[in-house]
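Observations on the three-dimensional arrangement
Each chain, written out:
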Amino acid sequence: MVEITRSFEIEVDIIDDDHRRLVDSINEIIQALNNEQFELCAQLVPDFVDLSKQHFRREESLLAKYDYPQTDNHIKHHASLDDKMETMLALATKVADSPPAAEALRKELIFFMMDDIINEDMDFKSFMVNATAGKA
Ligand SMILES: [Fe+2]
Ligand SMILES: [Fe+2]
């Protein structure tokens, strides 16, 4: 199971709520893999990818709204994740026939969440906490 502990919170509610929803979605997928519910897994991964893309757009608007100076870099970072999302979608179609694909998908999801989503967002945490101060 993936869990967002306090040190992984950005302390901006809109963003933390999204991150929690993404973690819930990943945990559902991992649960499906554990239970060998491969069809369910194949359905859940595209939903997770959609949710991630919606989250990226929402976060980008928020950064732009508060004039975060590195907004463009963060938008580029999100864009650089398109290939990883394509890989996850491809793996999701193979999990039923391939235990290595299931294992690869599990690892991709966890690294994607912890490194690419949460860790990279730490760059704007203090800026956004100050900028929003109870407003966002
Ligand atoms: Fe984020
Ligand atoms: Fe982000």
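Here, the structure is the one placed above.
Now for a description of the structure that goes with this document. (Residues numbered from 1 in each chain as written. Chains lettered and ligands numbered in written order. Predicted model: local features only at pLDDT ≥ 70, side-chain atom pairs only at ≥ 80, totals over all residues. Heavy atoms only, no water.)

**Let's talk about unusual backbone geometry**
So the rule is basically this: Put simply, DSSP H or I for four residues or longer makes a helix, DSSP E for two residues or longer makes a strand, and each gets a number counted from the N terminus. Whether a residue is buried, partly exposed or exposed follows from its accessible area with a 1.4 Å probe, protein chains only, as a fraction of its type maximum: under 20%, in between, or over 50%, in that order.
Positive phi values are uncommon outside glycine, yet Glu11 reaches one of about 70°. Looking at where Glu11 falls in the secondary structure, it is placed in the segment before helix H1 (13-34). What makes Glu11 partly exposed here is its relative accessible area of 42%. In this structure, Asp67 takes a positive phi of about 55° despite not being glycine. Relative to the elements of secondary structure, Asp67 occurs in the loop between helix H2 (38-65) and helix H3 (71-79).

**A few points about the packing of H2 against H3**
Describing two packed helices takes the angle between their axes plus the distance from one axis to the other. Defined as follows: Think of each axis as a best-fit line through the C-alpha atoms, taken over the contacting stretch in the case of a helix, with angles from 0 to 180 degrees between the N-to-C directions. Oblique is the label for any angle not covered by the other classes, which are roughly parallel (under 35 degrees), roughly antiparallel (over 145) and roughly perpendicular (65 to 115). Any two residues whose heavy atoms approach within 4.5 Å at even a single point are treated as in contact. Side-chain classes are defined by residue name, with Ala, Val, Leu, Ile, Met, Phe, Trp, Tyr, Cys and Pro counting as nonpolar, Asp, Glu, Lys and Arg as charged, and the others, Gly among them, as polar.
The N-to-C vectors of H2 and H3 enclose an angle of 175°; their axes lie 10 Å apart at closest approach. Of the possible angle classes, the one that applies to H2 and H3 is roughly antiparallel. Together, Phe56, Arg57, Glu59, Glu60, Leu63 and Ala64 of H2 and Thr71, His74, Ile75 and His78 of H3 make up the contact between the two elements. For the contact of H2 with H3, the residue count by class is four nonpolar, three polar and three charged.

**Overview of the side chain of Asp16**
The topology assignment puts Asp16 in helix H1. The contact partners of Asp16, leaving out residues within four places of it in the chain, are Glu9, Ile10 and Glu11.

**A word on the coordination of the iron ion (ligand 1)**
Here is the rule: Each metal's donors are the N, O and S atoms found within 2.8 Å of it, except that Na, K and Ca use a 3.2 Å limit; water is left out, so coordination can look incomplete. Any site counts as irregular unless it has four donors with all angles between 85 and 135 degrees, making it tetrahedral, or four or six donors with opposite ones more than 155 degrees apart and the rest between 65 and 115, making it square planar or octahedral.
Around the iron ion (ligand 1), the protein supplies His19 (NE2), His55 (NE2), Glu59 (OE) and Asp121 (OD) as donor atoms, at distances of 2.0 to 2.2 Å. The coordination sphere of the iron ion (ligand 1) comprises four donor atoms, whose angles at the metal cover 85 to 168°; the geometry is irregular. Each donor residue of the iron ion (ligand 1) belongs to the same chain, and together they define the spacing H-x35-H-x3-E-x61-D. The distance between the iron ion (ligand 1) and the iron ion (ligand 2) comes to 3.5 Å, with Glu59 serving as a donor to both metals. Of this pair, Glu59 sits in helix H2 while Asp121 sits in helix H5 (residues 99-132); the two residues are 62 residues apart in sequence, bridging distant segments of the chain. For the residue pair Glu59 and Asp121, the accessibility class agrees, reading buried in each case.

Taken by themselves, the reported measurements are silent on function.
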